[in-house]
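# Survey of secondary and tertiary structure
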Amino acid sequence: RVVESLALTPGSHVLDIGSGPGLLLEALAKTVGSSGRAAGVDQSVAMVEAASHRCEAYPQVTVDAGEALKLPYPDESFDAVVSTQVYEYVADIPAGLQEIRRVLRPGGRAVVLDTDYDSWVIHTEDELRLARIRDAWDEHFVHRGLPRFLGAEMKKAGFRVRQVEAIPMLNVEHHENAFSWHLTRMIAGFSAGRRECTQDDTREWLGELKRLGEAGEYFFSLNRYLFAADLEAPGL
């Protein structure tokens, strides 16, 4: 859905902010082709190395170390910019959006995808324990509900928002190929020992999820929100 919303064509220059291990960056490279450019930027050196390795067969790919508030690229370098699951960690959203605007060419396109964690729906038999885990997990973010005001901030930054879409991450089975299998483990690892959440809380919760999965009673849903926008021409 992200690639579709970017509406890239062969020869396009696109930037992935927070490119991580390079999964999306590889897809972008295939879309823009050998005549285009797919650049990735990430603040983690390990992720820069991982993405570079994944995309080593694509000469049109470059991966750089850098941050969302200080992109290491000249003005008007790209036709499109994308960022997934990054701006919920960026304190200064207006400054981050201005950086996107700076590196975009006139008429360029931006796609930002982030999660609202109040959309998390999960079956549990211990609501109080889950509440402690969720409260501790909130320390993971700067903006746990970024999508609620992201569209307005993009408009203030001079973008014309043309698409807003909810993308549910829905699992009714519990196994290693499910999105929630990995996310719930990350949540448990982060939350244990924070605020009122204990090691026993997270251990028992992961055990409950396994048991619910085996009983056919597992349910997990979390919404991600995609915002696609165009950079308005000066004077409009």
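Residues numbered from 1 in each chain as written. Predicted model: local features only at pLDDT ≥ 70, side-chain atom pairs only at ≥ 80, totals over all residues. Heavy atoms only, no water.

## A short note on the pairing of strand β2 (residues 37–42)
- Of all six residues making up β2, five are buried, and the element is well covered by its neighbours.
- Pairing of strand β1 (residues 13–17) with β2, which is carried by five bridges, proceeds in the parallel orientation. Its bridge partner lying in β2, valine 14 is registered against alanine 38.
- Note: β2 against strand β3 (residues 61–65), five bridges, orientation parallel. When the bridges of β3 are listed, alanine 38 appears paired with valine 61.
- For the crossover that starts at β2, traverses helix α3 (residues 45–54) and ends in the parallel β3, the hand is right-handed. (Buried < 20%, exposed > 50% of the residue type's maximum accessible area, 1.4 Å probe, protein only. Helix = DSSP H or I, 4+ residues; strand = E, 2+ residues; numbered from the N terminus. Pairing = 2+ DSSP bridges. Right-handed = clockwise from strand over helix to strand, strands pointing away.)

## Concerning the side chain of aspartate 42
- Its place among the elements puts aspartate 42 in strand β2.
- Notably, aspartate 42 is buried but unbridged: the nearest opposite-charge side chain belongs to arginine 54, and the N-O separation is 12 Å.
- Here the side chain of aspartate 42 touches serine 19 through a polar contact of 3.4 Å, landing on its backbone nitrogen.
- Not counting the four nearest positions on each side in its chain, aspartate 42 is found in contact with Gly18, Ser19, Gly20, Met47, Val48, Asp64, Ala65 and Gly66. (Lys, Arg positive; Asp, Glu negative; His and termini not counted. Salt bridge = Lys/Arg side-chain N within 4 Å of Asp/Glu carboxyl O. Polar contact = N/O pair within 3.5 Å; in protein donor to acceptor, adjacent residues only side chain to side chain. Contact = heavy atoms within 4.5 Å.)

## Overview of the packing of helix α5 (residues 127–137) against helix α7 (residues 179–191)
- Look at α5 against α7: their axes get within 9 Å of each other, and the N-to-C directions meet at 80°. By the angle between their directions, the pair α5 and α7 is classed as roughly perpendicular. Residues Ile133, Ala136 and Trp137 of α5 lie in contact with α7, whose contacting residues are Leu183, Met186, Ile187, Phe190 and Ser191.
- Across the contact of α5 with α7, the residue classes break down as seven nonpolar, one polar and no charged. (Axes fitted to C-alpha atoms, helices over the stretch in contact; angles between N-to-C directions. Parallel < 35°, antiparallel > 145°, perpendicular 65-115°, else oblique. Nonpolar A, V, L, I, M, F, W, Y, C, P; charged D, E, K, R; others polar.)

## Regarding the packing of aromatic side chains
- Scanning all chains against the criterion turns up nine aromatic pairs.
- Aromatic pair tryptophan 120 and tryptophan 205: ring centres 6.2 Å apart, planes at 70°, arrangement edge-to-face. In this pair, tryptophan 120 is assigned in the loop between β5 (104–115) and β6 (121–122) and tryptophan 205 in helix α8 (residues 199–214), connecting sequence segments 85 residues apart.
- The buried category is assigned to tryptophan 120, whose relative accessible area is 5%.
- Judged by relative accessible area, tryptophan 205 falls into the buried class, the value being 0%. (Phe/Tyr/Trp six-rings, centres within 6.5 Å; stacked < 30°, edge-to-face > 60°.)

## Looking at the nonpolar core
- Counting residues in each nonpolar core, the largest one holds 27 residues, and the members touching the most others are Leu15, Ile17, Tyr87, Ile100 and Phe159.
- Among the secondary structure elements, those contributing two or more residues to this core are β1, β2, β4 (78–84), α4 (93–103), β5, α6 (147–156) and β8 (220–231).
- For this core, the leading source of residues is α4, giving four residues.
- Contacts of tyrosine 87, omitting those with residues within four sequence positions, involve Ile17, Ala68, Ile93, Gly96, Ile100, Val112, Asp114, His143 and Leu146. (Core = buried A, V, L, I, M, F, W, Y, C linked by side-chain atoms within 4.5 Å.)

## A short note on the layout of surface pockets
- In this structure, the largest pocket encloses a volume near 1,100 Å³.
- Lining the largest pocket are 35 residues, and of these Gly18, Gly20, Thr84, Gln85 and Val86 sit closest to its centre.
- Listed by contribution, the elements that provide at least two residues to the lining of the largest pocket are α1 (2–6), β1, α2 (23–32), β2 and α7.
- If you tally residues by element for the lining of the largest pocket, the top one is α7, at three residues.
- When its residues are assigned to classes, the lining of the largest pocket shows 19 nonpolar, ten polar and six charged. (1 Å grid on protein atoms, 1.4 Å probe; cavity = no way out; pocket = protein on both sides within 12 Å on 5 of 7 lines; lining within 4 Å. Points joined across faces, edges and corners; volume = space filled by probe spheres on them.)

## Side note on the environment of glutamate 76
- Position of glutamate 76 among the secondary structure elements: in the loop between β3 and β4.
- A relative accessible area of 47% places glutamate 76 in the partly exposed class.
- Separated by 28 residues in sequence, glutamate 76 and leucine 104 have C-alpha atoms that sit 4.6 Å apart.
- Sequence-distant contacts of glutamate 76, that is, excluding residues within four places in its chain, are made with Arg102, Val103, Leu104, Arg105 and Pro106.

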